[in-house]
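# Survey of secondary and tertiary structure
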Amino acid sequence: MENLLNIFIKSIFVENMVFAFFLGMCSYLAVSKTVKTSIGLGIAVVFVLLITVPVNFLIEKFILKKGALIWLGQGFADVDLSFLTFIVFIATIAAMVQLVEMIIEKFSPALYNSLGIFLPLIAVNCAILGASLFMQEREYANIAEATVFGIGSGIGWLLAIVGIAAIREKLQYSNVPDPLKGLGITFILTGLMAIAFMGFMGIKI
Amino acid sequence: MNNQEKEPLFSAKNFNLLTAPLNKNNPITIQVLGICSALAVTVKLKPALVMALSVTIVIAVSNVVVAALRQYIPDRIRIIVQLVVIATLVILVDQILKAYAFDVSKQLSVFVGLIITNCIIMGRLEAFAMANKPWQSFLDGVGNGAGYGIILIIVAFLRELLGSGTIYGYPVIEKLGLYSIGYENNGMMILPPMALIVVGLIIWAQRGRDKSLIENK
């Protein structure tokens, strides 16, 4: 339990997707103009990560890893499919996003209307694939750890995008030098936020 | 589109495809694409160069493939088709890196895989390759890859020089003897936040020089 909590806190603050690894920057910069839309996108990211990371964990464990296919019989003990990782992960993500979109549309039209346009975009959000690849690289022991890591990364991303959106809304009243307006100042602000987040480094529970 | 048939290979228009992304239409600073991977690999010049090269190859080849197939790809499933093309190329690049440049491949870690979701590639496929001929798409791919590479190399050069005091692993500062007169490396430059700030400053410099690029809000 302590271990899970540790992964959770670590993935939100210390190893924040945006501030430590720059993942999901494209949508982070493009959609962070207002707080409302950025909350929508952030929730969609949490949702998709919550589903794709454990699914990819299972795929990695039972299909892709060296010797993972042993449940098919002894003859498969040497099969190593790990070179297929990228293509399988991205296919899973694209399929899951589509599935999630359909399920939400069926059961919760209100949520669908608020997330709608963001869901297809998420398939190509690097934070999603990045989380799956980090999950693989760090070799989490079981599905609970992988799931907690997925949720934590999502919440970290949500936190980052809502934070920058709030700052950008207030920024309209500031006097920014012309060439820095828009993109430039957003980069520098993100850098400053990242420096603040570095204060969390080394936290352990 | 048929009147382009007799165009010479390097007409002014085609040449523009190659050079526009270097400055006026730079994928990172103007189109805001592909930032995710651009920042994480710029601590040292070597991984930055390898990354720039890999992305250029993937983007150019996938542009050609998709442009060649563009009339046969059904509109509804084009994203999946594009992802498959990109993912296949990225797997090839990854395997080649693992075979011939293992140390760099370790340094880049997940960021080789993340070329798949690099928005430059998807963006160019959607915006350009789906509507243009293979040769133009190839030039567009190389141009955008180079535009991405230039920013990567500038950022990596500054971060490596100021942060570690080396250029491409060569200890410049030490050879110049600056340490003996009290110069210290700026450890801040190695940390992630400075990549963002350096890119912000590059954008500032670029837009300061060329006022037409300034965003009007």
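Residues numbered from 1 in each chain as written. Chains lettered and ligands numbered in written order. Predicted model: local features only at pLDDT ≥ 70, side-chain atom pairs only at ≥ 80, totals over all residues. Heavy atoms only, no water.

To continue, consider the overall build of chain A. Of the regular secondary structure elements, chain A holds ten helices and zero strands. By its C-alpha atoms, chain A is 70 × 45 × 35 Å across when sized along the principal axes. The burial tally for chain A puts 51% of its 205 residues in the buried class. Here chain A holds 12 positive side-chain charges and 12 negative ones, and the gap between their average locations is 8 Å. (Helix = DSSP H or I, 4+ residues; strand = E, 2+ residues; numbered from the N terminus. Buried < 20%, exposed > 50% of the residue type's maximum accessible area, 1.4 Å probe, protein only. Lys, Arg positive; Asp, Glu negative; His and termini not counted. Charge placed at Lys NZ, Arg CZ, Asp CG, Glu CD.)

What follows covers the side chain of B:Ser105. Here B:Ser105 is to be found in helix α5 (residues 102–108). Ignoring any residue separated from it by four or fewer positions in sequence, one finds B:Ser105 in contact with B:Leu97 and B:Lys98. (Contact = heavy atoms within 4.5 Å.)

What follows deals with helix α4 (residues 78–100) of chain B. End to end, α4(B) covers 33 Å across 23 residues, agreeing with the expected 33 Å (1.5 Å per residue, within 8%). Among the structural elements, α5 (85–107) of chain A together with α3 (45–69), α5, α6 (110–113) and α7 (119–127) of chain B are those in contact with the buried residues of α4(B). (Expected span 1.5 Å × (residues − 1).)

Before going further, it helps to spend a moment on the interface of chain A and chain B. Across the boundary between the two partners, chain A contributes 40 residues, which contact 43 residues of chain B. For the pair chain A and chain B, the summed buried area comes to about 3600 Å², and 84% of that belongs to carbon and sulfur atoms. For the pair chain A and chain B, the number of links is zero salt bridges. Broken down by secondary-structure element, the contributors of at least two residues to the side of chain A that touches chain B are α2 (17–21), α3 (25–31), α5, α8 (126–138) and α10 (183–197) of chain A. With nine residues, α10(A) is the single largest residue contributor to the side of chain A that touches chain B. Across the side of chain A that touches chain B, the residue classes break down as 30 nonpolar, seven polar and three charged. (Buried area = accessible area lost by both parts, 1.4 Å probe. Salt bridge = Lys/Arg side-chain N within 4 Å of Asp/Glu carboxyl O. Nonpolar A, V, L, I, M, F, W, Y, C, P; charged D, E, K, R; others polar.)

So, on to the environment of A:Leu171. Residue position: A:Leu171 is located in helix α9 (residues 143–171). Once the C-alpha coordinates of A:Leu171 and A:Thr92 are considered, the two residues, 79 residues apart in sequence, prove to be 39 Å apart.

This brings us to the environment of B:Lys24. Note that B:Lys24 resides in the loop between α1 (12–19) and α2 (35–40). When residues no more than four places from it in sequence are discounted, the contact partners of B:Lys24 are B:Ile30, B:Asp210, B:Ser212 and B:Leu213.

Before going further, it helps to examine the nonpolar core. By size, the foremost hydrophobic cluster in this structure holds 114 residues, and its most contacted members are A:Met25, A:Tyr28 and A:Phe187. With residues up to four places along the chain from it excluded, the contact list for A:Met25 reads A:Val18, A:Phe187, A:Thr190, B:Ile35, B:Cys36, B:Leu39 and B:Leu196. (Core = buried A, V, L, I, M, F, W, Y, C linked by side-chain atoms within 4.5 Å.)

The topology assignment puts A:Ser11 in helix α1 (residues 2–14). Excluding its chain neighbours within four sequence positions, the residues that come into contact with A:Ser11 are A:Asn16, A:Val148, A:Phe149, A:Gly152 and A:Ser153.

With that settled, consider unusual backbone geometry. All names here are of chain A. Even without being glycine, Phe-22 reaches a positive phi, approximately 60°. For Phe-22, the location among the structural elements is in the loop between α2 and α3. Positive phi, normally seen in glycine, also occurs at Glu-139, with a value near 55°. Inspection of the secondary structure puts Glu-139 in the loop between α8 and α9.

Attention shifts here to the confidence of the model for chain A. Detailed reading of the predicted coordinates is not advisable wherever pLDDT falls low. Predicted confidence across chain A gives a mean pLDDT of 84, with 97% of residues reaching 70 or more. The least confident element of chain A, judged by mean pLDDT, is helix α7 (residues 118–122) of chain A at 70; the most confident is α9(A) at 92. (pLDDT = per-residue confidence, 0-100.)

Residues and elements named next belong to chain A. Scanning the entire structure with this criterion turns up seven aromatic pairs over all chains. Judged by centre distance (4.6 Å) and plane angle (45°), the rings of Phe-21 and Phe-134 are tilted. On the criterion of sequence distance, the pair formed by Phe-21 in helix α2 and Phe-134 in helix α8 is long-range, its members being 113 residues apart. On the accessibility criterion, Phe-21 (17% relative accessible area) is buried. Accessibility expressed as a relative area gives 4% for Phe-134, which makes it buried. An aromatic cluster is defined as three or more aromatic residues linked by ring pairs; in this entry it consists of Phe-13, Phe-19, Phe-197 and Phe-200. The cationic tip of Lys-106 hangs over the ring face of Phe-107; the distance from NZ or CZ to the ring centre is 5.9 Å. (Phe/Tyr/Trp six-rings, centres within 6.5 Å; stacked < 30°, edge-to-face > 60°. Lys NZ or Arg CZ within 6 Å of the ring centre and 35° of its normal.)

We now examine the pattern of salt bridges. Residues and elements named next belong to chain B. Taken as a whole and judged by the stated rule, the model has four salt bridges over all chains. Here Lys-98 makes a salt bridge to Asp-94, at a shortest N to O gap of 3.3 Å. Of this pair, Lys-98 and Asp-94 both sit in helix α4, four residues apart, which is roughly one turn of that helix.

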